[in-house]
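# Remarks on the overall topology
Residues per chain, in single letters:
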Amino acid sequence: MLITASILSADLGRLQEEVDSLKGIADWIQVDVMDGHFVKNLTFGAPVLRCIKTSLPLDIHLMVSNPADRVQEFLEAGAKHITFHSEAVTDPAARKALIAGIKAGGATAGIALNPDTAIEEIDDVVESVDMVLVMSVVPGFSGQSFIEHVLEKVRALRDRYPKLMIQMDGGIDAKTAPLCRKAGADNLVSASFLFKAKDRAAAAASLRGA
Ligand code: DX5
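Keep in mind it's a predicted model, so treat the numbers as computed, not measured.

Our focus in this paragraph is the overall build of the protein. The number of helices and strands found in the protein is 8 helices and 8 strands. Overall size of the protein, expressed as C-alpha extent along the three principal axes, is 45 × 35 × 30 Å. The buried share of the protein, reckoned over its 210 residues, is 51%. In the protein, the share of contacts with a sequence separation of at least 24, taken over all contacts with a separation of at least 6, comes to 65%. In the form shown here, the protein has an accessible surface area of approximately 9200 Å², with 52% of it arising from carbon and sulfur atoms.

Under the definition given, this model contains 9 salt bridges. In this structure, Glu73 and Arg70 form a salt bridge, with 2.4 Å as the shortest nitrogen-oxygen distance. Given the relative accessible area of 26%, Glu73 is considered partly exposed. Notably, a salt bridge pairs Glu120 with Arg160, separated by 3.4 Å at the nearest N-O pair.

Take the site of the ligand next. Taken together, 19 residues form the shell around the ligand, and within it Asp32, Gly140, Gly143, Gly171 and Ser192 come nearest. Between an oxygen atom of the ligand and a side-chain N or O atom of Asp169, the distance comes to 2.9 Å. Protein chains shield 99% of the accessible area of the ligand, which is 380 Å² for the free molecule. Broken down by element, the residue count for the shell around the ligand peaks at 3 residues, all from strand E2 (residues 28–34). Of the residues belonging to the shell around the ligand, the class tally is 7 nonpolar, 10 polar and 2 charged.

Attention now goes to the pairing of strand E8 (residues 187–190). Burial along E8 is two-sided: the residues Asn187 and Val189 and Leu188 and Ser190 are all buried. Pairing analysis gives 4 bridges linking strand E1 (residues 2–6) to E8, with the strands arranged parallel. Each bridged residue has a counterpart across the sheet, and for Ile3 the counterpart in E8 is Leu188. As paired strands, strand E7 (residues 165–169) and E8 are joined by 3 bridges and run parallel to one another. Paired with Asp169 across the bridge in E8 is Val189.

What follows is about the sheet that holds E7. Taken in spatial order, the 8 strands close into a barrel running E1-E2-E3-E4-E5-E6-E7-E8, and their pairing is parallel. For this sheet, the mean angle separating the axes of adjacent strands, direction not counted, is 25°. Two strands pair when backbone bridges link them, and strand E4 (residues 81–85) and strand E5 (residues 108–113) are joined in this way by 5 bridges, in the parallel orientation. Bridging across to E5, Thr83 finds its partner in Gly110.

We now examine helix H4 (residues 92–104). Across its 13 residues, H4 extends 18 Å between first and last C-alpha, which sits within 8% of the 18 Å expected from 1.5 Å per residue. Contacts from the buried residues of H4 go to helix H3 (71–76), E4 and E5. Phi for Gly106, located one or two positions after H4, is positive at around 90°.

Note that Thr117 resides in the loop between E5 and strand E6 (131–135). Among residues more than four places away in sequence, those in contact with Thr117 are Ser86, Glu87 and Lys153.

The rules behind the values
- Residues numbered from 1 in each chain as written.
- Predicted model: local features only at pLDDT ≥ 70, side-chain atom pairs only at ≥ 80, totals over all residues.
- Heavy atoms only, no water.
- Helix = DSSP H or I, 4+ residues; strand = E, 2+ residues; numbered from the N terminus.
- Buried < 20%, exposed > 50% of the residue type's maximum accessible area, 1.4 Å probe, protein only.
- Contact = heavy atoms within 4.5 Å.
- Areas by Shrake-Rupley, 256 points an atom, 1.4 Å probe, with all protein chains shown as cover.
- Salt bridge = Lys/Arg side-chain N within 4 Å of Asp/Glu carboxyl O.
- Near = heavy atom within 4 Å.
- Polar contact = N/O pair within 3.5 Å; in protein donor to acceptor, adjacent residues only side chain to side chain.
- Nonpolar A, V, L, I, M, F, W, Y, C, P; charged D, E, K, R; others polar.
- Pairing = 2+ DSSP bridges.
- Axes fitted to C-alpha atoms, helices over the stretch in contact; angles between N-to-C directions.
- Expected span 1.5 Å × (residues − 1).

Set out below in structure tokens:
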């Protein structure tokens, strides 16, 4: 089980300190890139990524309408994992080119599914990606409630692809994490639960099931 800390709920005025506090607690650091178009919110670009100094892998969740235009700058800024949304890139050839570009740049590639997007929508590329991200909230904001019906998709993906990395994101806390683990997720993202916890190590351990 990997625990991915999303800096969306970090104190951004002390971003480096916040990132440093996750060493030994989280496995990956996630940067939620929102363009105000694919989702309503607007967040970080590659300049922010370039400022983060960490030995933890940087996981970029691209919630943007045109991921192909953005990938190169995030690769150059140090991204280790890049996930784009299936709803943003629907053409199979464009998806394959994007995945190839991410891998050629030395990162692993993921594809994300919004809560109401069926897993069949990614049949064309599911075996080419390193990870599938199953969103358990409608992307855009941290602190939303977990949408339970997405667990069916996680179970179905796990049945079909035993070795696939399945990341879940949105509303993950000590109560919902066991449901995610049981359904077959092996990478859990948390923003508010982790960053708002008094004891971040204990919060991460509860997500991990340790
Ligand atoms: C949702 C973002 C998530 C978000 C999750 O739009 O993609 O990464 O940070 O936040 P929590 O963990 O607070 O639900």
